[in-house]
Structures are given as C-alpha cells and as structure tokens.
Amino acid sequence: MMEAVVDGLGMLVTTPIALAAGGGVAWGILGGALPGISPSISMALLLPFTYGMEPHSAIVLLAATYVGAEYGGSIPAILIHTPGTNAAAATLLDGYPMKLQGRGGEALGISLYSGVIGGFIGLLVLMVLTRPLADLALRFTPMSYFALGVLGLGVIASLAGPSLLKGLAAVLLGLMVATVGSDPVSGVPRFTFGQPDLLDGVAPILVMVGLFAVSELFLQASREVWNRASSASARIRWPGARMRRRLLKPQLIGSAVGTVEGVIPGAGGTIAAFLSYNEARRWSRAPEEFGRGSPEGIAAPETANNAVAATALVPLLSFGIPGSNSAAVLLGGFLVHGLLPGPQLFDENADAVVGLYTGLFVANLSLLVIGGAALPVCLWLVNRPRPILMAFIYALILSGIYSINGSLFDLGLTLAAGMAGVVLRVLGFPLLPAVLGVVLGSLVESNYRRSLLLSGGAHSIFLEDPAAVVLLSIAALLVSGSVIARIRSGSKQEHA
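1. Comments concerning the overall build of the chain
Along its length, the chain carries 23 helices and two strands. Out of the 496 residues in the chain, the part that is buried amounts to 55%. In the chain, the share of contacts with a sequence separation of at least 24, taken over all contacts with a separation of at least 6, comes to 78%. Total accessible area computed for the chain in this model is approximately 20500 Å², and 67% of it derives from carbon and sulfur atoms.

Structure, rendered in structure tokens:
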C-alpha cells in the first residue's frame, strides 16, 4: 500500500493526472447539472477526445467526470426541482423543500460535503477490495472467464429493468452486434455486407456514444423546457459542527449502501440513493421531517451515489465486468488505449491502476473547490434555451467521433446506434445490457471457442472446471430467482 502511495505521489509530479482530474470534475459537474445528461453521457461525450491523450490521464479524466457528475445532478434537483441525474431524484425530495424555505445554499453545501465523504469512502473500498479479487481471478481458466462473462450479462439483464425478458433481449442484441467483423479464430468475415469498414467489427465507443448520448439528445428535443434558477439561491453554505454531527449517521448509512450496491453489477447509484434515503428515514430521530426539508434526506443519497462512483469500479478492475453505465464507458476508455481491465491489468499495467487511484483521490479533493466555483456556470447553462444547448452537444458528439478516424462511416454507425437507442428507450428496453453485450461479446465468444478447442468440442469441459460451475450456477439462480420474483409480483397485482 505504501509503495502505491509513493508511486501515486510521483505520478502527480511527472504526469498531468492532477489537471485531468480537475478538468474531469469540472466537466462532470456541468454535465450533471444539465437535466437528462447523465454521468455516462457526460463521459461518453469526452470519450472520443481522449484518443490523443496519454492513457493514464485519459482514464483519470473519464473517472473524474463520473465523480463530478454525481454531485452536479443535485444542483438542478435542489434549485429548480429537476434532477440532473437519475440518482439526484432522491436528493430532490428534501433538497427542493429546503430551497423553498430559503435554505438552498445550505442544501447545496450538505450535498457537496456528503458527496466528498462518500467519494473518499468509496475510494478506500476500491483500493482494499480490488487487488484481492483480481488475484483470485488470475486463477481463472478460459471456462471460468466464459462463465464470468455469462454471469455479468445475466446479472445486468436481471437488474436493469422491470422486465427480465427485455433485459435478456437487449443482451442478445448486443451480442449480435459483437459478432460483426472477422471471426476471432478463423478470420472469416461475418455480417460485414461487403463493407471493409466493418472487418474490424463495430467499435464499442460508437455504440456507447450512440445509445447513451445521441438517443438522449433525440428524446430531449421533444421534452418541455426545464425551470429557471436564480443566482440568489445558489450560494453554498457549509454545514457547521452541530450539523455535521447530525449528518454522520445518514452518511454512514449512505456509505454502507453505496459500497454494497456499487460492488454488485447492475445496481448503480440510483438504487443506492433511494435505498439509503429510506434507511436514513427509518433510523432517523426525526423521520417526520423527511420530504419537508430534512438535511439527512440530502446527506444519505448524496453519500451513497458518490460512493458508488468508486465502488462500481471494483468489478471492472477485478474482472473486467463493468457494473454500471458509467463503468461501461470507462471500460471503453481502457480499451481505446489498449488496456484490458481485469486481473492481468495489475501485473501488466500496474501504473494505470495507481494512476486511477491517485486521480480519484485528487478528483474528490478538488470537488470541494470546483463544486462551489462551478455554480455560476451551471446556473448560466441551465438558463440557456434548450435548442441551443442540444445543438451544441450534438455538434460536440459528431466532431468527437469524426476526430477518431476521420470516417463518415463511423458517424453513420453512431447515428444508427442513436436511432436504435431511441427505439429501445421508447419500447422500455434497458440500454446497459445491450452495451455490455457489445463490450463483453468478444470475451464470452473467444473463451467459449477456446474452451471447446481445449476439449475437442466437448461441452462437458464447462462442468469439469469448479469455478465455471459455481459462476454458471449463480447466473442460473439469479436469472431464475428474478423470473420467480416477477411472477409472484404479477400474481399479487392481479389479486389486489
């Protein structure tokens, strides 16, 4: 641990990690403050522009954007009753009532203070858990990796929405897209339709930007304009000693919930925010204040969703399985720079892991300063006409994608993914399973094919590997349990 600390301090001096962390936090706050522009979308907008950056700084820039956006979403939630991110919907329940009471600055201060605490606790959990889990994964065989990929896809599909069938269908759609290109074993072109641009497959970055960002812009164009905010209500007031003591319990609850929910793939900051809100109300000495302007109702969800920003990276760094939309985009950042998250990352590119830890530490520290300084800019952005903002972001997306390879074909694929994303959203299909199907498709297929080569085509090899048996059994139990739970829920509604 001490060696990692020393290496991290050295990287702060010799690399632009600190600048990347500060820039990512600032961009994340601005993106999170715009209603509808989630952390994953804020990261996806930056992803094309990281191609020309040094790998360590690029990864830190994306991760710091995640940190900043989780706080940024609370700004419009408190000031204009419109959550900037899904997780900030829990903050809105007490943040906006506090603003109506003339305590908007106090609510913003509690949000920022609690978010920083949650971020540091999440980072500590990330540093403690990731390496032991990665060491365990080093013992995996191709059969185990196949089973791990299936488990990750199964968990994401079962937790990503109210319909398990739609979640599994989204996974299959992503896996189908992953088969486009050259066969990983024989090299024979598949589903390229004579297009040489498809021989290398569909780049995950194009799918991520299209599904997350472009589809959201298309939908935002048809929605009502959000409210306007006044600068008088946006002066941060930091909590005093007495208030900090009162916030300690909900912050501990939020940290615990955020840690658990972040480590579980598919759960994410939204679930953690609402769970921590409910638990904080249950254990509060003044539960009647919740929903009417309780500081505890802000502290718990803000601590939880910022803890998730770090702990969601545990399955990504340990196993290469992203646990949230934002972690999936960060995985794309790793892949763009030739880094493969998973157990081998700690041996082959240990400096990238140390750089990420260091960058997250700087990001959470700089959030205290940038969070307050960015408020005037956030207010200015929120008060701009929606068409102007959407047009600017749309131009940013297209210029970023074109700058990667200078390819109009890539622009077409991104727009196609965006239109597909609109259809999926309208029909109620979750996007994360589809994205992970594209990202993890090669992992699942290559290890499946490798396993069959080892066994001469016999599928019994998956039953001969203990780790594979355990992982596949867990996947089957989770999916079947989700099916049973939904059947029971449907029968209860019918009898109600």
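Now that the structure has been shown, the text picks up again.
2. Some words on the environment of Ile156
Take Ile156: it is sitting in helix H8 (residues 142-159). Using a relative accessible area of 0% as the deciding quantity, one classes Ile156 as buried.

3. Points about the confidence of the model for the chain
Overall, the prediction assigns the chain a mean pLDDT of 81, with 90% of residues at 70 or greater. Of all helices and strands in the chain, the one with the weakest mean pLDDT is helix H1 (residues 2-14) (60), whereas helix H20 (residues 408-427) scores best (90).

4. A few points about unusual backbone geometry
One non-glycine residue with positive phi stands out, namely Phe191, at about 55 degrees. Locating Phe191 in the fold gives a position in the loop between strand E2 (189-190) and helix H10 (204-220). The exposure class assigned to Phe191 is exposed, which follows from its relative accessible area of 53%. The phi torsion at Phe193 lies on the positive side, around 55 degrees, for a residue other than glycine. Secondary-structure assignment places Phe193 in the loop between E2 and H10.

5. Considerations on the environment of Met43
Along the chain, the position of Met43 falls in helix H3 (residues 39-46). A relative accessible area of 0% places Met43 in the buried class. Distance in space between the C-alpha atoms of Met43 and Val329 is 6.7 Å, their sequence separation being 286 residues. With residues near it in sequence (within four places) discarded, Met43 still touches Leu62, Thr65, Tyr66, Ser326, Val329 and Leu330.

6. Focus: the side chain of Thr130
Structurally, the position occupied by Thr130 is in helix H7 (residues 104-137). A polar side-chain atom of Thr130 sits 2.5 Å from the main-chain carbonyl oxygen of Leu126. If near-sequence neighbours (up to four positions away) are discounted, Thr130 is found in contact with Val314, Leu317, Ser318, Phe346 and Tyr357.

7. Brief notes about H10
Taking 1.5 Å per residue, 17 residues should reach 24 Å; H10 reaches 23 Å between its end C-alpha atoms and fits that length. Residue Gly210 marks the point of greatest curvature in H10, where the axis turns by about 35 degrees. Within H10, 15 of the 17 residues are buried, which leaves it mostly tucked inside the rest of the structure.

8. A word on the layout of surface pockets
Reported here for the second largest pocket is a volume of approximately 730 Å³. Lining the second largest pocket are 38 residues, with Leu340, Val439, Ser442, Leu443 and Ser446 sitting closest to its centre. Per-element tally for the lining of the second largest pocket: the top contributor is helix H21 (residues 432-455), with nine residues. Classifying every residue of the lining of the second largest pocket by side-chain character gives 21 nonpolar, 13 polar and four charged.

9. Digging into helix H17 (residues 350-373)
A rise of 1.5 Å per residue sets the reference length of H17, with its 24 residues, at 34 Å; its end C-alpha atoms lie 34 Å apart and thus fit the reference within 8%. Where H17 bends most, at Leu367, the angle is about 45 degrees.

10. Some details on the packing of aromatic side chains
In the structure shown here, the tally under the stated rule is six aromatic pairs. Centre to centre, the rings of Tyr277 and Phe290 are 5.4 Å apart; their planes meet at 75 degrees, and the pair counts as edge-to-face. Of this pair, Tyr277 sits in helix H12 (residues 268-283) while Phe290 sits in the loop between H12 and helix H13 (296-311), placing them 13 residues apart in sequence. Judged by relative accessible area, which is 4%, Tyr277 ranks as buried. A relative accessible area of 9% places Phe290 in the buried class.

Quick notes on the rules
Residues numbered from 1 in each chain as written. Predicted model: local features only at pLDDT ≥ 70, side-chain atom pairs only at ≥ 80, totals over all residues. Heavy atoms only, no water. Helix = DSSP H or I, 4+ residues; strand = E, 2+ residues; numbered from the N terminus. Buried < 20%, exposed > 50% of the residue type's maximum accessible area, 1.4 Å probe, protein only. Contact = heavy atoms within 4.5 Å. Areas by Shrake-Rupley, 256 points an atom, 1.4 Å probe, with all protein chains shown as cover. pLDDT = per-residue confidence, 0-100. Polar contact = N/O pair within 3.5 Å; in protein donor to acceptor, adjacent residues only side chain to side chain. Expected span 1.5 Å × (residues − 1). Bend = angle between axes of the 7 residues up to and from the residue. 1 Å grid on protein atoms, 1.4 Å probe; cavity = no way out; pocket = protein on both sides within 12 Å on 5 of 7 lines; lining within 4 Å. Points joined across faces, edges and corners; volume = space filled by probe spheres on them. Nonpolar A, V, L, I, M, F, W, Y, C, P; charged D, E, K, R; others polar. Phe/Tyr/Trp six-rings, centres within 6.5 Å; stacked < 30°, edge-to-face > 60°.

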